[in-house]
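Summary of structural features
Residue strings, one per chain:
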Amino acid sequence: MKTNSTLKMKAENVRVFYGANEAIKGIDMNVYQNEVLAFIGPSGCGKSTFLRCLNRMNDTIDQCRVTGLIELDGQDMYDPRLDVVQLRAQIGMVFQKPNPFPKSIYDNIAYGPKLHGLASKKSELDDIVESSLQKAGLWKEVKDRLDQPGTGLSGGQQQRLCIARTIAVSPEVILMDEPCSALDPIATSIIEELIDELKANYTIVMVTHNMQQAARVSDRTAFFHMGEMIEIGSTTEMFTKPNNKRTEDYITGRYG
Amino acid sequence: MSNLTLMIVLLAVLAITYQLGLVRTRQIAGHNATLRMHSRPHHYGVMVGLWTVLPAFFIFIIWSWSAPWALNQLLIAQLPEHIVNDPQELRVAIRRISNLAANFGIVSEAATWEIQAATFLSDARQLSQTLMLALMTTVAAAGALYGYRSISPLYRARNHIEKILQIVLVICSSIAVLTTLGIVLSMVGESLRFFSFVSPMDFFFGTTWNPRFSTAGVGEGSLTGDQGSFGMLPLLAGTFLIALVAMSVAIPLGLLAAIYLAEYASPKMRATAKPIIEMLAGIPTIVYGFFALVTVGPFLSMLGAHIGLDIRATSALTAGVVMGIMIIPFISSLSDDIITQVPKSLRDGSLGLGATKSETIRKVVLPAALPGIVGAILLGASRAIGETMIVVLAAGNSPSLTANPFEAVSTITVTIVNQLTGDNDFASPQSLVAFALGLTLFAITLILNVIALVIVRKYREQYE
């Protein structure tokens, strides 16, 4: 599988502390443009924590401290002069549990664009809403009921609504934290197809608990264990001949 | 024997029979090596104790409830006919006779028939008391015997106690419900009596409140022009005006405090500040009242003089501002709980889209918490409408129909206080109007509370 070689994000010696507890123990990683990178590993290995470092969501947690360097397009993300609000618009995030706002479907999508002033007219906003929903593969299902509450959709539709909401602020990178773990197999496969389509325009980093999912959708995979990144490389390679004994044990189901 | 002594004796009997049951159970258990007792000894003890005391206690309740009525009937049968036929005189006569019977003094010389009736009454009371005691003793003894005899390994005392406990709980909760019902019914009854004097149209839609106090009560004159006007609109207006001022103080302050507590304060700060704010609700309202009268009123009046406004020291504004301060904790505490309940995932979603914290609060958290906040506000409002003491002291007590908060007004609650204090016949419309006002107030707060509860409940369902 061919991977793009343009560097999008770079992490160097990243450590995360919760109080005195070191949750991430020095991780180096490159993320390339338009690839799908999957994080796998047993529960509590730090994959979600590391993902949340990539758009500074850990800032919202008390007593959480991040050291090391993370760059987006060569720009230090933890530079105190950097506008974190702007950053999070560039790096969107989709969460484990679908979390539509208790507003109408339309307002759910329009929320971000309105916040950042991306549309000056109602018709422009309408266009953003439609194209976002279309990219998220939800337009056909909801176009006749945009004024109904987003919370009334099914779980899979809600998650696609959340993806559409993220796309609406035109991010460059989309982080997904176990986006399918609360969904049934059919909804999961729809989201997986969607990820495959989104790859053309966005760089996607996802955490997954499901190794088959990582194998199906990702170009490269990183294996996390106990706060360290054990191995990173092409997904095909990792699932056929892993370099590390622990990766092999995890993938073959010896633990995890 | 006074009722208090009786209760103490019953408790002592309970303790003794409990011990008896305990001893008996141990005996039986000792003799019966093959069969295990179903329940623990103290279950049997309680069983025997309850069998002894509860039936006796029921007899006591029923007797104390029905005997006075029965005695009254017997007494009326004794009285001369011309007294019985006039309800007014009958009432007076019965009061005089029971005073005589209890050896209290009465006004003017007692007539012979009165003394006879009083002797009859006191004898009958004595007899009734003796009868009751005898009956109670018999029933208690029978119950004790029954309980004592039924102790056996197969008797499931433990399960029986469970059932009795359940019945006791049902009784306790129905007392609360029945009391509410009783209060409403008695208010409805008295209100209906009031509406036989004054038409509901005049009461609910009249714009003048001027109930002339007449000591005559129900006389010929009071049915014509002498009885004053009972239009409640000025009072209703005053009530809502003060509540409005109170809410416009309490809603912004309470809500902003809640947002600070829920979203910005550190856990330590929150743990300290919340109880302190809640303390505001614990200050007696009379203290708020004279705080309003002595401090806030003159201050507002002075402030008004500075900016060229004529504010009376005792006005709707004074009462409303102080009441608003009192209501802050109702709104802040409830809203804080509700805001904290909004799932973190919603905040994450908004922050993840690049919203700032305050944007997230304004556009996502507050709308999500809005139903609950509205519920909290309505509960605060019903508190404001029912509040009395602050208004009695600080609103100026002048029932005028005005929308100007700088003037003195009066409220429904204050008027109830005015109508019921002082020397007044309880059969006059001047007193009875208090019940009609109370019922109206009750209806208003009830409606507000029901709306608030429905909204809060609906909100809860959304996130659980």
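Residues numbered from 1 in each chain as written. Chains lettered and ligands numbered in written order. Predicted model: local features only at pLDDT ≥ 70, side-chain atom pairs only at ≥ 80, totals over all residues. Heavy atoms only, no water.

Right, let's talk about the overall build of chain A for a bit. Across its full length, chain A carries 10 helices and 10 strands. Over its C-alpha atoms chain A spans a radius of gyration of 18 Å, differing by no more than 12% from the 18 Å that the globule rule assigns to 256 residues. Along the first, second and third principal axes, the C-alpha set of chain A runs to 55 × 45 × 35 Å. Of all 256 residues assigned to chain A, the portion counted as buried reaches 54%. By sequence separation, contacts in chain A at least 24 residues apart represent 67% of the contacts at least 6 residues apart. (Helix = DSSP H or I, 4+ residues; strand = E, 2+ residues; numbered from the N terminus. Rg over C-alpha atoms; globule rule 2.2 N^0.38 Å. Buried < 20%, exposed > 50% of the residue type's maximum accessible area, 1.4 Å probe, protein only. Contact = heavy atoms within 4.5 Å.)

Attention shifts here to unusual backbone geometry. All names here are of chain A. Here Arg56, not a glycine, exhibits a phi torsion of approximately 60°, which is positive. Of note, Arg56 is situated in the loop between α1 (47-53) and β4 (64-72). The buried category is assigned to Arg56, whose relative accessible area is 12%. One non-glycine residue, Glu178, adopts positive backbone phi at about 45°. Residue position: Glu178 is located in the loop between β7 (173-177) and α7 (185-198).

This part is about the interface of chain B and chain A. Taken together, the 20 residues of chain B in the interface contact 21 residues of chain A. Across the interface of chain B and chain A, roughly 1,600 Å² is buried in total on both sides, 64% from carbon and sulfur atoms. Taken together, the connections running from chain B to chain A amount to one salt bridge. In this structure, Arg52(A) and Asp348(B) form a salt bridge, with 3.9 Å as the shortest nitrogen-oxygen distance. One can count four residue pairs in polar contact (both at pLDDT 80 or more) joining chain B with chain A. Every element with two or more residues in the side of chain B that touches chain A is listed here: α12 (344-352), α13 (357-386) and α16 (429-463) of chain B. Sort the elements by how many residues they give to the side of chain B that touches chain A and α12(B) lands first, with eight residues. (Buried area = accessible area lost by both parts, 1.4 Å probe. Salt bridge = Lys/Arg side-chain N within 4 Å of Asp/Glu carboxyl O. Polar contact = N/O pair within 3.5 Å; in protein donor to acceptor, adjacent residues only side chain to side chain.)

Residues and elements named next belong to chain B. In contact at an axis separation of 7 Å, helix α1 (residues 3-31) and helix α2 (residues 41-78) are set at 150° when each is read in the N-to-C sense. What the angle tells us is that α1 and α2 run roughly antiparallel. Where α1 crosses over α2, the two elements pack in a sense that is right-handed. In terms of residue class, the contact of α1 with α2 is built from 16 nonpolar, eight polar and one charged. (Axes fitted to C-alpha atoms, helices over the stretch in contact; angles between N-to-C directions. Parallel < 35°, antiparallel > 145°, perpendicular 65-115°, else oblique. Left-handed = near helix turned anticlockwise from the far one by under 90°. Nonpolar A, V, L, I, M, F, W, Y, C, P; charged D, E, K, R; others polar.)

Following the criterion strictly, the structure yields 22 salt bridges over all chains and no others. Between Asp59(A) and Arg56(A) there is a salt bridge; the shortest N-O distance is 3.0 Å. On the basis of relative accessible area, Asp59(A) is assigned to the partly exposed category, the value being 37%. The shortest N-O distance in the salt bridge between Asp107(A) and Lys114(A) comes to 4.0 Å. Three or more residues joined by partner-sharing salt bridges are found here, namely Arg270(B), Lys274(B), Asp336(B) and Asp337(B).

On to the sheet that holds strand β8 (residues 203-207) of chain A. Residues and elements named next belong to chain A. Pairing is mixed in the open sheet, where six strands are placed in the order β6-β7-β8-β3-β9-β10. Each edge of the sheet is formed by a strand with only one pairing partner; in this case those strands are β6 (91-94) and β10 (228-234). Averaged over all neighbouring strand pairs, the angle between strand axes comes to 15°, with direction disregarded. Where β7 meets β8, five bridges bridge the pair, whose relative direction is parallel. Directly across from Asp177, in β8, lies its bridge partner Val207. Contacts from α7 reach β3 (36-40), β7 and β8, with the element oriented near 150° to β8. (Pairing = 2+ DSSP bridges.)

Turning our attention to the environment of Ala102(B). Secondary-structure assignment places Ala102(B) in the loop between α4 (87-101) and α5 (112-149). Ala102(B) sits 19 residues away from Leu121(B) along the chain, and the two C-alpha atoms are 9.3 Å apart.

Our focus in this paragraph is a nonpolar patch on the surface. Residue and element names in this part refer to chain B. Side chains of Phe58, Ile61, Ile62, Ile167, Ile171 and Ile175 sit close together on the surface and give an oily, nonpolar patch of about 550 Å² of accessible area. Going through the elements one at a time, α2 and α6 (157-197) are the ones with two or more residues in the nonpolar patch. Counting through the fold element by element, Ile167 comes out in helix α6. (Patch = residues over 30% accessible without salt bridge, like charges linked within 9 Å, V, L, I, M, F, W, Y side chains within 5 Å. Areas by Shrake-Rupley, 256 points an atom, 1.4 Å probe, with all protein chains shown as cover.)

With that out of the way, let us pick up the sheet that holds strand β1 (residues 7-18) of chain A. Residues and elements named next belong to chain A. Taking strand neighbours across the sheet as the criterion, the four strands line up as β2-β1-β4-β5 in an open arrangement whose pairing is antiparallel. Strand pairing shows two members of the sheet lacking a second neighbour, β2 (21-32) and β5 (75-76), which therefore form its edges. Bridging between β1 and β2 involves nine bridges; their strand directions are antiparallel. Directly across from Arg15, in β2, lies its bridge partner Lys25.

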